[in-house]
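One letter stands for each residue in the lines below.
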Amino acid sequence: MASGSDVMERPAVPAGTQPPAPARRWLVPVLLLLGWVLSVAWRMWLSRHIVLPIAHTDEDSYLNTARALAGGPGGFSSENNLLRRVGYPMLISPAFLGHRDFSDSYRLVQLINAMANSTLLPLAYLLGRRLLQLRRSYALLGAVVAATLPATAFYANVAMIDAVMAPLVVAWLLAVHRWIERPGPFAAATVGLLVGAFHLLHSRGLVIVAVHAGLVLLLLIRRRITPAVVLAALLPVLAMALVNEAGIRLLGTKVYLLGSTPGGSMLDAVASGAGVVRVGAAVTTQLWYLVVITFGMAGVAWAAAVRELWRPRRGDATRWTMGVALVVSVGVASGASLILAGITGKPLDAIYGRYVQMLAPFWLLVGLGVLLTAGRRVVLRRAAVAVALLVAGGALVAVRLAYVASRGHSLRYGGFGAPDLMALTGGWREFRPVVGSLIGIAGCVLLVAALRVRRLRLPMLGALVVVNLATMQVIDQRLVRPMVASTAPTPWVADVGVRPGERVWASTGVHYIQRFNLSHQVTWTDVRWFREQPPAAAQVVFARWAPGQPDDWDGAKYGFVRLGGNVGQHWAAWRRA
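About the cut-offs
- Residues numbered from 1 in each chain as written.
- Predicted model: local features only at pLDDT ≥ 70, side-chain atom pairs only at ≥ 80, totals over all residues.
- Heavy atoms only, no water.
- Helix = DSSP H or I, 4+ residues; strand = E, 2+ residues; numbered from the N terminus.
- Buried < 20%, exposed > 50% of the residue type's maximum accessible area, 1.4 Å probe, protein only.
- Contact = heavy atoms within 4.5 Å.
- Patch = residues over 30% accessible without salt bridge, like charges linked within 9 Å, V, L, I, M, F, W, Y side chains within 5 Å.
- Areas by Shrake-Rupley, 256 points an atom, 1.4 Å probe, with all protein chains shown as cover.
- Salt bridge = Lys/Arg side-chain N within 4 Å of Asp/Glu carboxyl O.
- Lys, Arg positive; Asp, Glu negative; His and termini not counted.
- Charge placed at Lys NZ, Arg CZ, Asp CG, Glu CD.
- Phe/Tyr/Trp six-rings, centres within 6.5 Å; stacked < 30°, edge-to-face > 60°.
- Lys NZ or Arg CZ within 6 Å of the ring centre and 35° of its normal.
- Pairing = 2+ DSSP bridges.
- Expected span 1.5 Å × (residues − 1).
- Axes fitted to C-alpha atoms, helices over the stretch in contact; angles between N-to-C directions.
- Left-handed = near helix turned anticlockwise from the far one by under 90°.
- Nonpolar A, V, L, I, M, F, W, Y, C, P; charged D, E, K, R; others polar.
- Core = buried A, V, L, I, M, F, W, Y, C linked by side-chain atoms within 4.5 Å.

### Re the side chain of Asn157
At step 1: The residue Asn157 is located in the loop between helix 7 (150-153) and helix 8 (162-181) in this model.
At step 2: Classification of Asn157 as buried rests on a relative accessible area of 3%.
At step 3: Non-local contacts of Asn157, meaning those with residues more than four positions away in its chain, are made with Arg43, Leu46, Ser47, Ile50, Tyr106, Gln110 and Met472.

### Things to note about a positive patch on the surface
At step 1: Residues Arg376, Arg377, Arg381 and Arg452 make up a contiguous surface patch of positive charge.
At step 2: Judged by relative accessible area, Arg381 falls into the partly exposed class, the value being 41%.

### Concerning a nonpolar patch on the surface
At step 1: On the surface, Leu231, Leu235, Leu238 and Leu242 cluster together into a nonpolar patch covering about 400 Å² of accessible area.
At step 2: Examined against the element boundaries, Leu242 turns out to sit in helix 11 (residues 227-251).

### A closer look at the side chain of Arg84
At step 1: Here Arg84 is to be found in the loop between strand 1 (75-77) and helix 3 (87-92).
At step 2: It is Glu79 that comes nearest to the buried, bridge-free Arg84 among opposite-charge side chains, at 4.5 Å.
At step 3: Aside from chain neighbours lying at most four places away, what touches Arg84 is Glu79, Asn244, Ile248, Leu251, Val255 and Leu257.

### A word on the packing of aromatic side chains
At step 1: All told, the structure shown has 19 aromatic pairs when counted by the stated rule.
At step 2: An aromatic cluster is defined as three or more aromatic residues linked by ring pairs; in this entry it consists of Phe530, Trp553, Tyr558, Phe560 and Trp574.
At step 3: In this arrangement the basic side chain of Arg48 is found over the ring face of Trp45, its NZ or CZ atom lying 3.9 Å from the centre.

### Some details on the pairing of strand 7 (residues 571-576)
At step 1: Buried residues dominate strand 7, accounting for five of its six residues.
At step 2: Relative to strand 7, strand 5 (residues 540-543) is paired through four bridges, and the arrangement is antiparallel. By the bridge assignment for strand 7, Ala543 is matched with Ala572.
At step 3: Strand direction decides the pairing type here: strand 6 (residues 560-566) and strand 7, joined by six bridges, are antiparallel. When the bridges of strand 7 are listed, Asn566 appears paired with Trp571.
At step 4: If you look at the hairpin formed by strand 6 and strand 7, you'll find four residues sitting between the two strands, and His570 has a positive phi there, around 65°.

### Notes on helix 9 (residues 185-201)
At step 1: Spanning 17 residues, helix 9 covers 24 Å between terminal C-alpha atoms, matching the ideal 24 Å at 1.5 Å per step.
At step 2: Summarising burial for helix 9: twelve of the 17 residues are buried, a large majority.
At step 3: Next to the buried residues of helix 9 lie helix 3, helix 8, helix 10 (205-221) and helix 11.

### Considering the sheet that holds strand 4 (residues 528-530)
At step 1: Across the sheet, which stays open at both edges, the five strands sit in the order 4-3-5-7-6 with mixed pairing between neighbours. Across the chains shown, the open sheet's two edge strands, defined by having one partner strand only, are strand 4 and strand 6. Strand-to-strand twist in this sheet, taken as the mean axis angle between neighbours without regard to direction, amounts to 30°.
At step 2: Lying on the sheet, helix 21 (residues 512-520) is in contact with strand 3 (504-507), strand 4, strand 5 and strand 7; it crosses strand 3 at an angle near 170°.

### Brief notes about the packing of helix 5 (residues 120-131) against helix 16 (residues 360-373)
At step 1: Two elements in contact, helix 5 and helix 16, have axes separated by 11 Å at closest approach and are oriented at 35°. Here helix 5 and helix 16 pass one another in a crossing that is right-handed. Note on element contacts: helix 16 touches helix 5 through Pro361, Phe362 and Leu365, opposite Leu120, Ala124, Leu127 and Leu131.
At step 2: Here the contact of helix 5 with helix 16 is built from residues that sort into seven nonpolar, no polar and no charged.

### A look at the pattern of salt bridges
At step 1: Tallied over the entire structure, the rule returns ten salt bridges.
At step 2: Between Arg528 and Asp526 there is a salt bridge; the shortest N-O distance is 2.6 Å.
At step 3: Each member of the salt-bridge network shares a partner with another, and the members are Asp58, Asp162, Arg204 and Arg354.

### A closer look at the nonpolar core
At step 1: With 154 residues, the main nonpolar core has Trp172, Trp179, Tyr289, Phe362 and Trp363 as its most contacted residues.
At step 2: Take this core: its biggest share by element is 13 residues, from helix 8.
At step 3: In contact with Trp179, other than residues within four places in its own chain, are Gly184, Ala187, Ala188, Val191, His212, Leu215, Val216, Leu219, Ile225, Val229 and Ala233.
At step 4: Formed by 13 residues, the second largest nonpolar core is a distinct cluster that contains Val496, Val498, Val504 and Val522.

### Considerations on the environment of Phe362
At step 1: Relative to the elements of secondary structure, Phe362 occurs in helix 16.
At step 2: Among the residues examined, Phe362 registers a relative accessible area of 0% and is labelled buried.
At step 3: Spatially, the C-alpha atom of Phe362 lies 9.3 Å from that of Ala301, the residues being 61 residues apart in sequence.
At step 4: Other than its neighbours up to four places away in sequence, Phe362 contacts Leu127, Leu131, Leu173, Met322 and Ala325.

Rendered as structure tokens:
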């Protein structure tokens, strides 16, 4: 092995070596198929307690749009005109075909999520074999590690776009690697189609579209592709953008938008030195988070990727792929931080890792690939970089939190900001960056030590899978179940006597989470809102029930009779007499 190389040279196959027996040739596909089925079953088991949305208002927006696309009534969306996307609602819209209870449709959405999310397993295996050149056993078990990573598996349980983003990232980077190796029109069109899918799915796809355009331009300037290949790479992106616009036009006014279009507020967020520092701290927090939840492997991978850019040893395809992945990682973290900083109606987040979580499986696998194939000195240098990132990042996050607290403010900290980090650090009520860094460092040191011993490699990868499974179980017990208990209105709408076909309205006096989850159960009409007096067309209303309080809604004076509800949750259903 050449000194300084991150990857060991694979030995040439001796002449006359017999190809694998047919039975062995089918073993890996069968194992991947079985693993995919088990992965889907595990995700469905994890989601068994979630029968109504818990991630408001994102889930509500996607579900309302999906129902409208399936031909049902519409509803609201928290999106805005500029960043509106219909790709994910298109994916889950089959769950709303026909006439069924909302809980049944929601379960079908979770099944669609689980099936799409679990494709990460075979894609991760291909990444390990083709990009990282790992042995089959390492690639298989590494793929299981990636597929069980909480940053990816968590979102299969809820109606969130993030359920499909991580597999799409791995598929896209695999396609980029293939395209650089064989820069033909078919490979270019495949990359373009995947980039277009990002644009169709979420606004963070804009970063990937920009990186894709830059990649195409660079390849053209360096005369690695022809104008025909340029068209093959760009036309699918345009086609997907048109599909998005067609979906929006198809929806018409059935789905009404509540989000405000970002404008000067984003520029204002970085218009001063203090603003630049705040956004920079948020970016650093997200990148540090990636290193922690991958137990240092993202830091190892970044060090190897930068080294590959400056002194390539694994060929142009790997060099370009790593460069693209690095730019996208920084770009997504920066774009997300800038947009969140521009939302002036709520406090800034202490951490919001949702946008970069899709990159975690890729960097985890690359980091593991370095530890499994590089020489001892190279591994130690890469691990030292990871530890330095964890120390510096944790210190910066701690300073940021202390500074904000000294100014008499607090940063928002919630369950969907970084559920896996909460579970790993025990930080359910407070952000614990020092503990996060220590866990990342300990995990990195343990992985380096164990993976240097050949007989410990497979057991260590298996231990990572166990850690992922245990982390997801902790998230389920400490985060998911309490959220389900606090957000699910009881009794159900049908149990209080609301009948299909009735025109239903909801008062803004009902807490928005209860109001949304009550409205989802009304599958036959769009439940609109009112403040005090319901419109004349309303036959049934949901209103606040708080006896003795000034905001208790008395439906009798408007000609309504109370059907029932839950005084503890402060809601009641009323029917016009």
